[in-house]
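A structural walkthrough
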Number of protein chains: 2
Amino acid sequence: MTPPARGDHEARRRDVSEAVWRVLAARGFGGLTLRAVAAELGASTGLLTHYFPNKRALVAHALDVLDRQAAERRRPATEEAATARGLAVLRAALLDVLPLDGAGAAGNRIRVGSWDAALTDPGLTAEHAERYRRARRRMTELCAEAQELGELPADRPAADLAALAQSFALGLVVQALFAPAEFPPERQRALLDGFLAALVTGERPDPVGS
Amino acid sequence: MTPPARGDHEARRRDVSEAVWRVLAARGFGGLTLRAVAAELGASTGLLTHYFPNKRALVAHALDVLDRQAAERRRPATEEAATARGLAVLRAALLDVLPLDGAGAAGNRIRVGSWDAALTDPGLTAEHAERYRRARRRMTELCAEAQELGELPADRPAADLAALAQSFALGLVVQALFAPAEFPPERQRALLDGFLAALVTGERPDPVGS
């Protein structure tokens, strides 16, 4: 790798980005250092700092890539999915979070791995908190929609239903990463549906009807 | 710190253990290196290896300390707690997991931080998987007991109820660590009770009565 020419900057940044990814997959966030990424690129640490001045910038970049990947996965593939509402969309959003295939497992491994660095760096903590806050806000909207549609009980704040759903999904991710044989995709889906079924019937004072 | 005399070994190991703890609290698992712990002790890295030969041993030790702390918290404080059964014990076990006070938050911060290293080291992955398997087995027994007592619906495997409960608790831990202001202890408790209430009434085909 040579120093960046004006127009090459983005292409080189992509090379660096891929090297960051390979280091994370092999060593986790604890092994993500400027030195390790430079070695992966066959470049000097000094050269790498043209793109990322320090470890924190590498970590922030890796998290941005994860967010972009997640956003791409969220795009509805069919017209039917684009017009779905309420509980069906909530279920799809939760399924998107789970490690149901190789890419989902790899992304989640890196995301879960980021929590160590994120909990010790105040700036990263704030970014992570905001990321999860946005996700909860979106889920709160979906839960409110499901309540309006009579799909979820109306006797509990939508924000609480959303917090329950996000807690459940995040915890299932962690368990499935550590014990993939006990949590194959079909069991993850079944547990999610069991969780949603409990929310649907749980504590509803009267049948809502529709 | 001087090289260990025969009888001093355990006391020195305790000093090292406390230094490990301080490094973890300040820098997370990503910052837990032999060099950092040696600096915290005012000792050489070579001397430290009398107690812990490598980083992996430091990490494994930190996790053992967390387990011991968790086991101590689990001991029932009152005779009433010692004779409790079923849902009440499940609820107490889940409350023990949550970051409801400073010690719970510090321990959870370190435990969550350990997942990065644990997901990239096959030996640690196996140990973590076994740790969570044991916890699920214990919760499965409690769920089965609650089913026998008619406190939880009998139409779903106790192992699935336990997986739901553990997922929910782990995910709530993560959310509460990142957004403590949104998840103060009383909201964590209320969400846990809302979750349990949903399990209790969810999908039960007929009232069980007691």
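Notes on the structure follow. Here the structure is a predicted model, which is why all the values come from computation and not from measurement.

**Description of the packing of aromatic side chains**
Inspection of the entire model under this criterion finds five aromatic pairs over all chains. Here the aromatic rings of tryptophan 115 of chain A and tryptophan 115 of chain B are separated by 6.0 Å at their centres, their planes lie at 55 degrees, and the arrangement is tilted. Placement of tryptophan 115 of chain A in helix α7 (residues 102-120) and of tryptophan 115 of chain B in helix α7 (residues 102-120) is noted, with the two residues assigned to different chains. Taken individually, tryptophan 115 of chain A and tryptophan 115 of chain B each receive the classification buried, so the pair is uniform in this respect. Here the aromatic rings of tyrosine 132 of chain A and phenylalanine 178 of chain B are separated by 5.8 Å at their centres, their planes lie at 40 degrees, and the arrangement is tilted. Of this pair, tyrosine 132 of chain A sits in helix α8 (residues 122-148) while phenylalanine 178 of chain B is found in helix α9 (residues 158-178), placing the two residues in two different chains. The residues tyrosine 132 of chain A and phenylalanine 178 of chain B share a single accessibility class, namely buried.

**Description of the environment of alanine 129 of chain A**
Tracing the sequence through the fold places alanine 129 of chain A in helix α8. For the pair alanine 129 of chain A and alanine 118 of chain A, spaced eleven residues apart in sequence, the C-alpha to C-alpha distance is 9.4 Å.

**Points about the interface of chain A and chain B**
Contact residues are listed per partner, giving 49 residues for chain A and 49 residues for chain B. Of the roughly 3,900 Å² buried at the junction of chain A and chain B (both faces included), carbon and sulfur atoms supply 63%. On the chain A side of the contact with chain B, Asp116, Leu119 and Phe178 of chain A bury the most area, a combined 20% of that side's loss. Put simply, chain A and chain B have six salt bridges between them. The partner of aspartate 160 of chain A in a salt bridge is arginine 187 of chain B, with the nearest N and O atoms 2.8 Å apart. Our enumeration of links across chain A and chain B arrives at 20 residue pairs in polar contact (both at pLDDT 80 or more).

**Description of the packing of α7 of chain B against α9 of chain B**
All names here are of chain B. The interhelical angle for the contact between α7 and α9, taken along N-to-C directions, is 110 degrees, at an axis separation of 10 Å. Relative to α9, the element α7 is oriented roughly perpendicular. Where α7 abuts α9, its residues Ala105, Asn108, Arg109, Val112 and Trp115 lie against Leu170, Val173, Val174 and Leu177. Here the residues of the contact of α7 with α9 are counted per class, giving seven nonpolar, one polar and one charged.

Criteria and thresholds
- Residues numbered from 1 in each chain as written.
- Chains lettered and ligands numbered in written order.
- Predicted model: local features only at pLDDT ≥ 70, side-chain atom pairs only at ≥ 80, totals over all residues.
- Heavy atoms only, no water.
- Phe/Tyr/Trp six-rings, centres within 6.5 Å; stacked < 30°, edge-to-face > 60°.
- Helix = DSSP H or I, 4+ residues; strand = E, 2+ residues; numbered from the N terminus.
- Buried < 20%, exposed > 50% of the residue type's maximum accessible area, 1.4 Å probe, protein only.
- Contact = heavy atoms within 4.5 Å.
- Buried area = accessible area lost by both parts, 1.4 Å probe.
- Salt bridge = Lys/Arg side-chain N within 4 Å of Asp/Glu carboxyl O.
- Polar contact = N/O pair within 3.5 Å; in protein donor to acceptor, adjacent residues only side chain to side chain.
- Axes fitted to C-alpha atoms, helices over the stretch in contact; angles between N-to-C directions.
- Parallel < 35°, antiparallel > 145°, perpendicular 65-115°, else oblique.
- Nonpolar A, V, L, I, M, F, W, Y, C, P; charged D, E, K, R; others polar.

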